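Coordinates in review
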Amino acid sequence: MGTKNNVTEFVLFGLFQSREMQHVCFVVFSLFHVLTILGNLLVIITINASKTLKAPMYFFLSHLSFADMCYPSATTPKMIADTFVERKTISFNGCMTQLFSAHFFGGTEIFLLTAMAYDRYVAICRPLHYTTIMGQWKCGLLAGASWVAGFLHSILQTLLTVQLPFCGPNEIDNFFCDVHPLLKLACADTYVVGLIVVANSGMISLVSFIILIISYVVILLNLRRQSSEGRRKALSTCGSHIITVILVLVPPMFMYIRPSTTLAADKLVILFNIVMPPLLNPLIYTLRNNEVKNAMRKLFRVQGSTGEK
């Protein structure tokens, strides 16, 4: 007979117990979240409004920016709201929804980065066939596959967790519902589920990281054939991508490549992964890209001239 599930809600410990630190968290993460939403929204609007940003790279960037808006929105608003309450609770269904949403958008972000690396590989290593290979249909297929892969990754993670019995302690030493703390609370042997989590989340992160690093090494080796101007532009673009890959993939490798255990550093590592890449990506992809910066200037000029009329 299966163990009955008696848990209807979970208690979150949050980031800090100190009230002063919670007030600091409210100010800092509220600011970060607003800047994340506005920055990524600006990138999406600029790409869709510009007539010059029609290359596949910008198509994928708009999808990445949308995922970067949604990923922190799955957990950060709840974390910010919890700074006002002494007892931070979340319902069982809300917990599973949060788990699904965080892994869905986080996983999609990783797959989109892989698609962007493939786009850069074709652009630099096979420039004569670039427009043929990276047609509109192919780009749509790669973007759609990234979202579907993110969904499949997340739904597996969620289904494995939701079927576990929770009958005893319901306190999670984290600021949101993640898989490792939930496995720790389950009233059942979670060894097999833990291995599947490693295979699902850990191996996806590790394999994606290896593929991406190898692809960018190949790209950088092929830059020797480019002109100095082409080499400079390609290095700028690839440099942005490599920075993003490190920011996005190193934290989940630390979190999920090991067996189902929780460490003291986990909260800060996953917080960095949820908050910093979505916040920094608009800066990384715009400050190093003259085409995006020029498109943003034109967009603001048009808006300014419209407002004066």
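Conventions used here
- Residues numbered from 1 in each chain as written.
- Predicted model: local features only at pLDDT ≥ 70, side-chain atom pairs only at ≥ 80, totals over all residues.
- Heavy atoms only, no water.
- UniProt positions renumbered as here; feature names shortened; annotations may be inferred.
- Axes fitted to C-alpha atoms, helices over the stretch in contact; angles between N-to-C directions.
- Helix = DSSP H or I, 4+ residues; strand = E, 2+ residues; numbered from the N terminus.
- Left-handed = near helix turned anticlockwise from the far one by under 90°.
- Nonpolar A, V, L, I, M, F, W, Y, C, P; charged D, E, K, R; others polar.
- Salt bridge = Lys/Arg side-chain N within 4 Å of Asp/Glu carboxyl O.
- Pairing = 2+ DSSP bridges.

- In the annotation of an unreviewed UniProt entry, the protein chain is listed under the name Olfactory receptor and assigned to Panthera leo.
- Taken directly from UniProt, the Function (unreviewed entry) text for the protein chain runs: "Putative odorant or sperm cell receptor."
- The record held by UniProt for the protein chain lists under Sequence similarities (unreviewed entry) the comment "Belongs to the G-protein coupled receptor 1 family."

1. So, the packing of helix H4 (residues 92-125) against helix H6 (residues 136-162)
- At their nearest, the axes of H4 and H6 sit 7 Å apart, and the two run at 150 degrees to each other. Of the two elements, H4 crosses H6, and the hand of that crossing is right-handed.
- In the contact of H4 with H6, the residues fall into 17 nonpolar, ten polar and one charged.

2. Here's the deal with the pattern of salt bridges
- Under the definition given, this model contains four salt bridges.
- One salt bridge in this structure joins Arg 87 and Glu 9, with 3.2 Å as the shortest N-O distance. On the criterion of sequence distance, the pair formed by Arg 87 in the loop between helix H3 (76-81) and strand E2 (88-91) and Glu 9 in strand E1 (residues 9-12) is long-range, its members being 78 residues apart.

3. Brief notes about the pairing of E1
- One ladder, built from four bridges, connects E1 with E2; its direction is antiparallel. Bridging from a neighbouring strand, Leu 12 pairs with Lys 88 of E2.
- Here E1 runs beside strand E3 (residues 171-172); their pairing, made up of two bridges, is parallel. Looking across to E3, one finds that Val 11 is bridged to Glu 171.

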